[in-house]
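Residues per chain are reported as follows:
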Amino acid sequence: MRLVRGFFAVATLALVAPARSGASSLREVGAELTTQVQSVPVPKVVGLQLSNALRMLDNLRFGRGEVQRVSHPEPSGQVIDQLPPAGSRVPPGTKVNLVVSTGPASQPEVSGDQPSRVDSATVPGLIGQTQLSAAILLAIAKLSMGQTQTVPDEANDGKVVRQFPEAGARVPRNMPVALWLGKAAPVQVPDLRDSTIAGAAAALQSAGLKLGKVDSNLADAGTRLIVRQQPGAGKTASRGSAVRVWYSYPREPVAPPPAPPPPPPPPVRVPSVVGNTLARAIDILRGSELDAGPVDSVETEQAPGHVLFQQPKAGDLVQRNTRVALQVAVQSKYVKVPDVTKVPPAAARNRLEQVGLRLGAVTPIEREGGNGLVVLQAPFAGATVLRGTVVSVRISVPLEAIPVPNVVGSRLGLAREALRGAKFIMGTITPGTPTSADSTVVAQSPGAGASVSPATAVDLTLATERKVPPRSPVPNVVGRGHSEADSILRAAGFVSGTITPVESTNVGRDTVISQNPAANTPAAPGSAVSLQVAAPRQPPPPTVPNVVGLSTAAAESLLGSARFGAQRASEPSGPGQRGTVLRQDPPAGSVVPAGTIVRLTIGDWPPVWLIVLLGLGAVVGIGAGVAGVHGWNQHQVNQKWQKRVTLEAESLPGAQAVPDDAGPLAGPELTIGANPGQGSQEVVGDGPSIGESRT
């Protein structure tokens, strides 16, 4: 692992160094100085026991990273690797990840010279790779680079053309792998003297070379032609290598030396801007003829927006317009959860909001002596979470007092179950420890009905110790009738307990389906045996039929056959709807219990308003003689109407016709119901009007 990091570090430095060598901006210089000031070297903990390594990291104020445990020849518990590596410079508080040995793993038996898979590695394919790439791949595979040789190869110059061992072979770790690198045949360097720069470049390209560095030789009579080359003409060089040349350049007249530059302005002293806001720090620097920048942000719990660090430091002498690098505090996305236990929920909410967290669900927990304070929290105190995370808490509340059950007269075993089911525990039992769970309770404390907290101990006093009667097996009564099963149980010294009817179509009615205790179970004489007895399956609730449009008699007959009652009420309707069901409630298709009363609305003719209108016309426009004749006719009509209503009422089941004494114009009262006199409904019908008869 360290070897891989070393290769990548070398490769990274090789690529980055040229770009950094020309960097001269004050921003990069300030960033580098800032990094150096804020970074500290990582201590070496490889070789230490895990506990000692963690103690060293804590003492040096480094964070504890992940601890990975792997099988290794080193002793168990010893640190075998670390990341970042020892000596690297990192910011204070950086977490250091550790790899700890768990001791050598048991090796499987192998035969011959085949290496075990634990200490072996697979050779990677290196054909076509450069020497640097091959070295990196070997380091990743935990192998090393062996002897390298070159072989002529024009197409693969500088690349691996052969390797040993071959790709995919399993070999011991750190075994060297031999490489053969392709090398193009050398070419002869042409004579470039007295050539122009362009001509030399063309000649080199045709020879498989390239033009390298071009220098000049000053001469009074410069010809601007090549006068020297390296390697010389006729020498051999590798294909693609560069050839350096010198050409003659005419000497230019010597110019007078330039005037000395004016003296630089006097330096200024850098003011202190640490602790100021960024805007205030910029104003202070401008007032001292300095510039601010670059400005970096650092996540911290300190006051956000304030300057934490500056470079150059306060008091340093620098040139005017020098840029001062600043680091400004910004609010961290992560916060540590505060401890909110032992405080009320309101105080817990305030503590959480002060650090950017929110109070979540508040769940009460019943405890003896509960005081309403927080006893648990999630996430726990000290955990690092995102700002705005919800923290749930649980508060303790006092136990709710409950009544003590009455166990006096119960056997000890039943008393124990009763107390346990009521959330109490059994306390002291006197006199002494009973020899049987069948001992009878004669006193209890607290007494029955007393309100006390759950889990309170209830002391019991037992009757004098008695011998436990011998137990006998419970007889098998499954498949017997209820009466026969009761007789069998009594004959065996038992009694029938709870009888539970269970719907069944497989056995006859009142047949025992199951028993508890089961057959042949030893039980004390006089014990109750619970039985499950077959009961006929109850029919499903009926559906209300549709009687709208039927006559009254047909509708009530249909409802009666469907196990429903009927209640009639009339309302004015057309001549063709007299005696016909206009509406029903509940509506057709409703599933309701049997015996439900269905309210029927029956059509009636003539309507009431027509009776009133005809009566008024008769009073105003007809003479006394006509009125007398009409009265006689009305008397005959009333007698017919009353007789018909009485006959209709008598024809209905449960209906009674009750004459009304209100006068000759009033109709009869109908009492209609499933059971007359018990919850029946009264419906008053309208009698015939003057000048109308109903036949």
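Residues numbered from 1 in each chain as written. Predicted model: local features only at pLDDT ≥ 70, side-chain atom pairs only at ≥ 80, totals over all residues. Heavy atoms only, no water.

Student: Hey, could you run me through the overall build of the protein in this one?
Tutor: Broken down by element type, the protein carries twelve helices and 41 strands. The buried share of the protein, taken over its 695 residues, is 29%. The contacts in the protein between residues at least 6 apart in sequence include a share of 68% that link residues at least 24 apart. Counting every atom, the protein has about 40800 Å² of accessible surface; 56% of that belongs to carbon and sulfur. (Helix = DSSP H or I, 4+ residues; strand = E, 2+ residues; numbered from the N terminus. Buried < 20%, exposed > 50% of the residue type's maximum accessible area, 1.4 Å probe, protein only. Contact = heavy atoms within 4.5 Å. Areas by Shrake-Rupley, 256 points an atom, 1.4 Å probe, with all protein chains shown as cover.)

Student: Got a minute to help me understand the sheet that holds strand β30 (residues 457-462) in this structure?
Tutor: The strands that make up a sheet are held in pairs by hydrogen bonds between backbone atoms, and each pair lies either parallel or antiparallel. Taken in spatial order, the three strands make up an open sheet running β27-β30-β28, and their pairing is mixed. Each having just a single partner strand, β27 (425-430) and β28 (441-445) make up the two edges of the open sheet. Averaged over all pairs of adjacent strands, the angle between their axes in this sheet comes to 30 degrees, without regard to strand direction. The pairing of β28 with β30 spans four bridges and is classified as antiparallel. Bridge pairing in β30 links Ser445 to Asp459. Sheet contacts for helix α8 (residues 412-421): β27, β28 and β30; angle to β30, the most-contacted strand, approximately 165 degrees. (Pairing = 2+ DSSP bridges. Axes fitted to C-alpha atoms, helices over the stretch in contact; angles between N-to-C directions.)

Student: When you look at the nonpolar core in this model, what are you seeing that I'm missing?
Tutor: The nonpolar side chains of soluble globular proteins are, as a tendency, buried together. In terms of nonpolar packing, the biggest core is built from 14 residues, with Val337, Leu352 and Leu357 touching the most fellow members. Elements supplying a minimum of two residues to this core: α7 (345-354) and β25 (390-398). Of the residues forming this core, the biggest block, three residues, is contributed by β25. Ignoring anything within four residues of it in the chain, the contact list for Leu357 reads Val335, Val337, Pro338, Leu352, Val385, Leu386, Arg387, Gly388, Thr389 and Val391. (Core = buried A, V, L, I, M, F, W, Y, C linked by side-chain atoms within 4.5 Å.)

Student: Sorry, what's going on with the pattern of salt bridges here?
Tutor: Side chains bearing opposite charge may pair, as long as their charged atoms lie close to each other. Enumeration over the complete set of coordinates arrives at ten salt bridges. A salt bridge links Arg193 to Asp191, with the nearest nitrogen and oxygen atoms 3.2 Å apart. Note that Glu484 and Arg480 form a salt bridge whose closest N and O atoms lie 2.8 Å from each other. (Salt bridge = Lys/Arg side-chain N within 4 Å of Asp/Glu carboxyl O.)

Student: What's the story with the sheet that holds strand β33 (residues 512-516) in this structure? I'm lost.
Tutor: As summarised here, the arrangement of the three strands in space is β32-β35-β33, forming an open sheet in which the pairing is mixed. Taken across any chain shown, the strands that pair with only one partner, and hence form the sheet edges, are β32 (495-503) and β33. For this sheet, the mean angle separating the axes of adjacent strands, direction not counted, is 20 degrees. With four bridges joining them, β33 and strand β35 (residues 528-535) adopt antiparallel strand pairing. Paired with Gln515 across the strands is Leu531, a residue of β35. Contacts between helix α9 (residues 482-491) and the sheet are confined to β32, β33 and β35, with β32 contributing the most and set at about 155 degrees to the helix.

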